[in-house]
Amino acid sequence: MSGVNTVIVHYHELALKGRNRDSFEQQLVGNIRLALKGLGIKQIDNLRSRIRVVLPPQADTAAVTDRLKRVCGIANFSLAHAVPLDLSHPGLDQLSAAVVEELRATSCSTFRVTARRADKRFPFNSMDVERAVGAAVCVGTGKRVSLKDPDLTVYVELLTKEAYFSVEKIPGPGGMPVGVSGTVACLISGGIDSPVAAYRMIKRGCRAAFVHFSGRPLVSRASEDKVRELVQTLTAYLYGARLYVIPFGEIQREIVLNTPAPFRVVLYRRMMVRIAEELARREGCWGLVTGDSLGQVASQTPENLSVVEEAAELPILRPLIGMDKVEIVDEARRLGTYETSIEPDQDCCKLFTPAHPSTKTRFDELRKAERALDITALVKQGLDKAERSEFTFPI
């Protein structure tokens, strides 16, 4: 769209937050400001039920669009033209002329006009605006109105001093603004599931700290390189993130040497939970997030999920628990993590995996097995060797 000078941002869920609405809106405005950093945007206004972003003359609208698509809390937004309104001499001639000029440049045959009136003092209601602008477009362009199946929809918003019109609504992620729901620690592998699980919590307003368990020194850094790329992708929704990498290979070797083979996978997971929980407390997190999907692998049976969870004091959140693999893959593709996740690596969870892992592990069996391990020392070993990295967006 030529001559665009404004972005109008809409949200849905925030409008239902009652007395918390103002703080949620302020968080969303702040996040939009962070997302658009470096693009020359100076003015972002909270206009109640919508947010206005004023674009400078040379704004890169493609970059603005790309970044706003990843701002959680945005339901949709439009790249819009602003047209002055004067309540003392109300009329729609200037608005109609601007819409006619814009539609003359399009190849559509049919259109419809959808209007919203924020300021009820304006003497025309939404239907009046739709009829007047629609009639002007028909006369000025020869295009026809189609209310049911138009080639193009013109969106008009009437505020106090200006009207805004656009010909496209671009969907945002929806959900809640990042920062309104505290911080969670996300256990992230190089696979498909855990980045999607982290994203689903980010979309509910959580900041995220990431914890990755590497098979190093028994394997290469391939999984770590993948995870750094995945965290950078997710940081585009967070604006800042921290990643802890735990060399876990030696801890796994201790488990292999001292415990029965069928319990190894569950014992690995319990040890990961303990180490991640300590890091979570340092980061002020209120919960741990995993990519578990019920029944997908041996460690994700109901019984094994229960015995892994027993090792934690913080809540373990499993956003994917009821999703199947097809649904998770589809979301990973939309998120942009899928291609990275399917690159080959050496996952620590595959080290020393027994041929027949226990799928219905009992608490008494597990506690007996863990008596052979110095849990405190192994947790300390993991924490002492943790490597921390910082990520930012925009880079």
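About the criteria used
Residues numbered from 1 in each chain as written. Predicted model: local features only at pLDDT ≥ 70, side-chain atom pairs only at ≥ 80, totals over all residues. Heavy atoms only, no water. 1 Å grid on protein atoms, 1.4 Å probe; cavity = no way out; pocket = protein on both sides within 12 Å on 5 of 7 lines; lining within 4 Å. Points joined across faces, edges and corners; volume = space filled by probe spheres on them. Helix = DSSP H or I, 4+ residues; strand = E, 2+ residues; numbered from the N terminus. Nonpolar A, V, L, I, M, F, W, Y, C, P; charged D, E, K, R; others polar. Core = buried A, V, L, I, M, F, W, Y, C linked by side-chain atoms within 4.5 Å. Buried < 20%, exposed > 50% of the residue type's maximum accessible area, 1.4 Å probe, protein only. Domains from an automatic or database assignment. Contact = heavy atoms within 4.5 Å. Buried area = accessible area lost by both parts, 1.4 Å probe. Salt bridge = Lys/Arg side-chain N within 4 Å of Asp/Glu carboxyl O. Axes fitted to C-alpha atoms, helices over the stretch in contact; angles between N-to-C directions. Left-handed = near helix turned anticlockwise from the far one by under 90°.

Asks: Outline empty space enclosed by the protein, supporting the account with residue identities and numerical values.
Replies: Summed over all chains, the structure comprises 1 cavity of 30 Å³ or more. Of the voids in this model, the largest cavity is the one considered here, and its volume is about 40 Å³. Mapped by element, the contributors of at least two residues to the lining of the largest cavity are strand E4 (76-84), strand E7 (152-158) and strand E8 (162-166). The dominant element in the lining of the largest cavity, judged by the number of residues it contributes, is E8, at 3 residues. Residue composition of the lining of the largest cavity, grouped by class: 5 nonpolar, 2 polar and 1 charged.

Asks: Before we move on, can you summarise the nonpolar core with the specific residues and values?
Replies: By size, the foremost hydrophobic cluster in this structure holds 37 residues, and its most contacted members are Phe213, Phe248, Met271, Ile275 and Leu288. Listing elements by their share of this core, those giving two or more residues are strand E10 (183-187), strand E11 (207-214), strand E12 (240-247), helix H7 (249-258), helix H8 (264-282), helix H9 (302-309), helix H12 (363-370) and helix H13 (375-384). For this core, the element with the most residues is H8, which contributes 10 residues. Membership of the second largest hydrophobic core comes to 34 residues, among which are Val196, Phe210, Val227 and Val329.

Asks: Can you tell me about the domain arrangement of the chain, naming the residues and giving the values?
Replies: Each domain of the chain was delimited in the assignment, giving domain 1 (6-171) and domain 2 (183-392). Taken over C-alpha atoms, the centre of domain 1 sits 43 Å from the centre of domain 2. Each partner contributes residues to the interface: domain 1 has 8 residues there, and domain 2 has 7 residues. For the pairing of domain 1 and domain 2, the buried interface totals around 650 Å² over both sides, and the portion due to carbon and sulfur atoms is 57%. Where domain 1 meets domain 2, there are 0 salt bridges. Across the side of domain 1 that touches domain 2, the residue classes break down as 4 nonpolar, 2 polar and 2 charged.

Asks: So what's going on with the packing of H8 against H9? Which residues, and what values?
Replies: Geometry of a packed helix pair, given as the angle between the helix axes and the separation of the axes. The geometry of H8 relative to H9 is characterised by a closest axis approach of 9 Å and an angle of 35° between their N-to-C directions. With respect to the hand of their crossing, H8 and H9 are arranged in right-handed fashion. Of the residues in H9, those in contact with Val266, Arg269, Arg270 and Val273 of H8 are Asn304, Val307 and Val308. In the contact of H8 with H9, the residues fall into 4 nonpolar, 1 polar and 2 charged.

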